[in-house]
Every structure is written in structure tokens, then in C-alpha cells.
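# Structural overview
Spelled out, the chains give:
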Amino acid sequence: MDMKSKVLSLVIALVPAIYVSGDKAEKEPVDYVSPFIGTDYHGHTFPGPYLPFGMVQLSPDTGVSGWDWCSGYHYSDSSIMGFSHTHLSGTGCADYGDIMLMPTTGELKIIPGSKDNPDDGYRSRFSHSSEIAYPGYYSVTLLDYSIRAELTVTERVGFHKYTFPADDAHILIDLAHGIGDTTIDARMKIGKDKIEGYRYSRGWGDQCVYFLAEFSKPFVSYGTWKNGKIYRGQDRESGRDIGAFVDYSASKGLILVKVGISFTSIDGARRNLEEIPDWDFDRVRAEARSTWNEELSKIEVVGAEEEKIKFYTALYHCCY
């Protein structure tokens, strides 16, 4: 098999399963999109979900420095440092990666660690065989923690679904994290089941992203960190190198997190969070798929399967 045939086989393998309608299998435009196309070599794309021209681009970050990591993700990597809510696509210049969450278990770690040795921090190894991505949805298994992470979105809200094993669970928010930029100032405040704050950063340009994260279960305990020092029980923090963690007791279970963002204020993030009034992850995921199918269906393509894959994936990226 020549290289062109190998690449085409990989692309086809990554396309989501055919949806069945009635007695026959029938593909819709959304089924021809593979978000992994462009995440290798010098493509500068990311596999996580977003809606057409939406504010939120919720995706895994595997690296934050180097030209091939302008989008925060590269297919050559084997570990994930977390899931952030803003990403660039195809720019050739790095920025964003705002408001990163990372679910973990066991010992609390507050630095991401290195690709060479993920055990140094909260990074987790993963396998591409566990990844699923299609418009409006992404999921992966974090091997070091046996956590299944699933992501979907509305226009202004990232929706996380974490399935934990029977172990002490933590969810981190690292406000020092960014892709090719520098945190200038950040603040956060922790409530019984919410965290709010902002991250002001300087990269390709200056920006401030406000957020409100709401959790499906109250915290058992919580704390912050600053400049590498942990402060258990502290409910607010400010500075450049800061973060927060929340803890849950050792019990296998599901924790959902909704994160509304705004470029104007925390009140704006709070209003945007109203886009998801409940905790129905599957409904939001289905609506995201439907939104994408409606957008992509504006153009109908007749041709070979591989040509449809190329076209609808390219159209998907054009609606970033």
C-alpha cells in the first residue's frame, strides 16, 4: 500500500460511524467530518468540540510551546495536560488555551509535568485508540487515572463529563496555563459548587477571559495554589501563577462541569451559562450534532466518499 492509500485509510477509519435511518444506512454531511484531520504534521487544528462560529472551543491540550502546538494539540503526543476552552485553528501563531480543567485521582499535583515524564505532574498518558471525535463531541480515557473524559459545547459554554473510578477525585483549574502566551493577572473565588474568576493574558494580543464553572455535586473539600504552594481550604486567590482544586470522596461516579465564558465580565459568563439550564449532557451533545448538520447541509456534494470527507472536513474548519 502506497503512502497516499495509507493516509486515506486512516482518514476513513477516523470518520464517525454511519447513522442508520429506517432499513438502510444513510450518511449525513456531519458524518463525513473527521476533526483529527489537520492535527498532525503542521496542520495546527484541534480535535475538540465547538459550534459554528461559537465562542467556546473546548479541546485537549498536549503541549503549549513550539510551532506545531499553535492549537495546543498535536497527534504525535501521548499525554494530555487538560481541557481548555479557547483555541486557535490553522493560524500558524499560538495563543489562547484559557481556563483549563483537568480531572485527576490520588495524590494532588499542581504542575502539569513534562511530556518525557508525565508522572512529574498532573498530566496523563492516553491512547489515540480511546479517542472519539466528531462535530460537537470529543472523548478520551486518561490512562493514569482511569478517568473517561467527555466534552460537548453550546456557543458560549463548555460541558465536561468525567467518569471517575473508585478513588479520591480532584478537578483542577489552572489559570497559569495558556498556549504560547503569558498570564498577566488572574483571580478566582470558590463556592460550595461553583468557581468564578478571570484570566488576563498576553500573547498574540492581550485578552481577558471571565468564567463561571458550575459542578453537578458540591465539593467535599477545596483549596488554591499560588507560586507552587498549596493552600487547603482557601476559597480565593489572585496573581499570575495560580490555580484551584476541588475534591470528591473515594467513590466511583460521575461529575459534570459546565463552564460559561465571557470576554466582558463574570456576570456575562453567568448569563451565558444559562445556555445549559440542566445537566443533560446527551441532549446538549445531540443538539450540537444537529446544529453542525444543519450548517454543513447548506452545501450538498456528490462524489466519492474520500472527496466528501475532504470537503466537509474543510467546510467544518471554515466555520471555526
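Structure: above.
Read on for an overview of the structure.

## Comments concerning the sheet that holds strand 9 (residues 137-142)
In spatial order, the strands read 8-9-10-11-20-15-14-13-18; together these nine strands make up an open sheet with antiparallel pairing. The open sheet terminates on both sides in strands that have one partner only, identified here as strand 8 (132-134) and strand 18 (236-239). In this sheet, neighbouring strand axes are inclined to one another by 15° on average, regardless of whether the strands run parallel or antiparallel. Sheet analysis places strand 8 next to strand 9, joined by three bridges and oriented antiparallel. In the sheet register, I132 faces strand 9, and the bridge partner there is S139. Helix 3 (residues 281-296) rests against strand 8, strand 9, strand 10 (147-153), strand 11 (157-164) and strand 20 (253-262) of the sheet, and its axis sits at about 50° to strand 10.

## Structural notes on unusual backbone geometry
Residue F53 is not a glycine yet carries a positive backbone phi of 60°. Within the element layout of this structure, F53 appears in the loop between strand 2 (24-25) and strand 3 (59-61). Judged by its relative accessible area of 54%, F53 falls in the exposed class. For N227, which is not glycine, the phi dihedral falls at a positive 50°. Mapping N227 onto the fold places it in the loop between strand 16 (221-226) and strand 17 (229-232).

## Looking at helix 3
An α-helical turn contains 3.6 residues, so any two residues separated by three or four positions project in the same direction. With 16 residues, helix 3 should cover 22 Å at 1.5 Å per step; its first-to-last C-alpha distance of 23 Å lies within 8% of that length. Every buried residue belonging to helix 3 is among F281, V284, A288, R289, W292, N293 and L296, and all of these are buried. On its buried face, helix 3 sits against strand 9, strand 10, strand 11, strand 20 and helix 4 (305-318).

## Considering the environment of G72
Tracing the sequence through the fold places G72 in the loop between strand 3 and strand 4 (79-80). What makes G72 buried here is its relative accessible area of 0%. Beyond its immediate chain neighbours, meaning those up to four positions away, G72 contacts P60, D61, T62, G63 and I179.

## Brief notes about the pattern of salt bridges
A full pass over the atoms with the stated rule returns 23 salt bridges. When the shortest N-O distance is used, the salt bridge between K115 and D77 registers 3.2 Å. On the criterion of sequence distance, the pair formed by K115 in the loop between strand 6 (100-105) and strand 7 (124-125) and D77 in the loop between strand 3 and strand 4 is long-range, its members being 38 residues apart. Classification of K115 as partly exposed rests on a relative accessible area of 33%.

## A look at the environment of W67
Position of W67 among the secondary structure elements: in the loop between strand 3 and strand 4. The spatial distance from the C-alpha of W67 to the C-alpha of C93 is 7.3 Å, given a sequence separation of 26 residues. Dropping the residues within four chain positions of it, W67 is found in contact with H42, H44 and G92.

## Section: the pairing of strand 14 (residues 194-202)
Here eight bridges tie strand 13 (residues 182-190) to strand 14, and the two strands are oriented antiparallel to one another. Bridge pairing in strand 14 places M188 opposite G197. Hairpin geometry of strand 13 and strand 14 is characterised by an intervening segment of three residues between the two adjacent antiparallel strands. Relative to strand 15 (residues 206-215), strand 14 runs antiparallel, the two being bridged by nine bridges. Looking at the pairing, R202 lines up with D206 of strand 15. Hairpin connection from strand 14 to strand 15: three residues lie between these consecutive antiparallel strands.

## Thoughts on helix 4
With 14 residues, helix 4 should reach 20 Å at 1.5 Å per residue; the first-to-last C-alpha distance of 20 Å fits that figure. K308, I309, Y312, T313, L315 and Y316 are the residues of helix 4 that are buried. Summarising the axial view, the buried residues of helix 4 lie within an arc of 160°, below the 170-degree limit, and thus occupy one face. Turned more than 90 degrees from where helix 4 packs its buried face, K310 and C318 sit exposed.

## Points about the nonpolar core
Formed by 64 residues in total, the largest nonpolar core has its most connected members in F83, Y162, I171, I195, F211, F215 and V257. If one sorts the elements of this core by residue count, strand 19 (residues 242-248) sits on top with five residues. Beyond its immediate sequence surroundings of up to four residues, F215 is in contact with I171, D193, K194, I195, V246, Y248, L256, V257 and W279. Counting residues in each nonpolar core, the second largest holds eleven residues, with V157, L273, F281 and V284 among its members.

Here is what the cut-offs are and how they apply
- Residues numbered from 1 in each chain as written.
- Predicted model: local features only at pLDDT ≥ 70, side-chain atom pairs only at ≥ 80, totals over all residues.
- Heavy atoms only, no water.
- Pairing = 2+ DSSP bridges.
- Helix = DSSP H or I, 4+ residues; strand = E, 2+ residues; numbered from the N terminus.
- Axes fitted to C-alpha atoms, helices over the stretch in contact; angles between N-to-C directions.
- Contact = heavy atoms within 4.5 Å.
- Buried < 20%, exposed > 50% of the residue type's maximum accessible area, 1.4 Å probe, protein only.
- Expected span 1.5 Å × (residues − 1).
- Salt bridge = Lys/Arg side-chain N within 4 Å of Asp/Glu carboxyl O.
- Arc of directions from axis to C-beta.
- Core = buried A, V, L, I, M, F, W, Y, C linked by side-chain atoms within 4.5 Å.

Interpretation note: all reported values are geometric properties and have no functional meaning in isolation.
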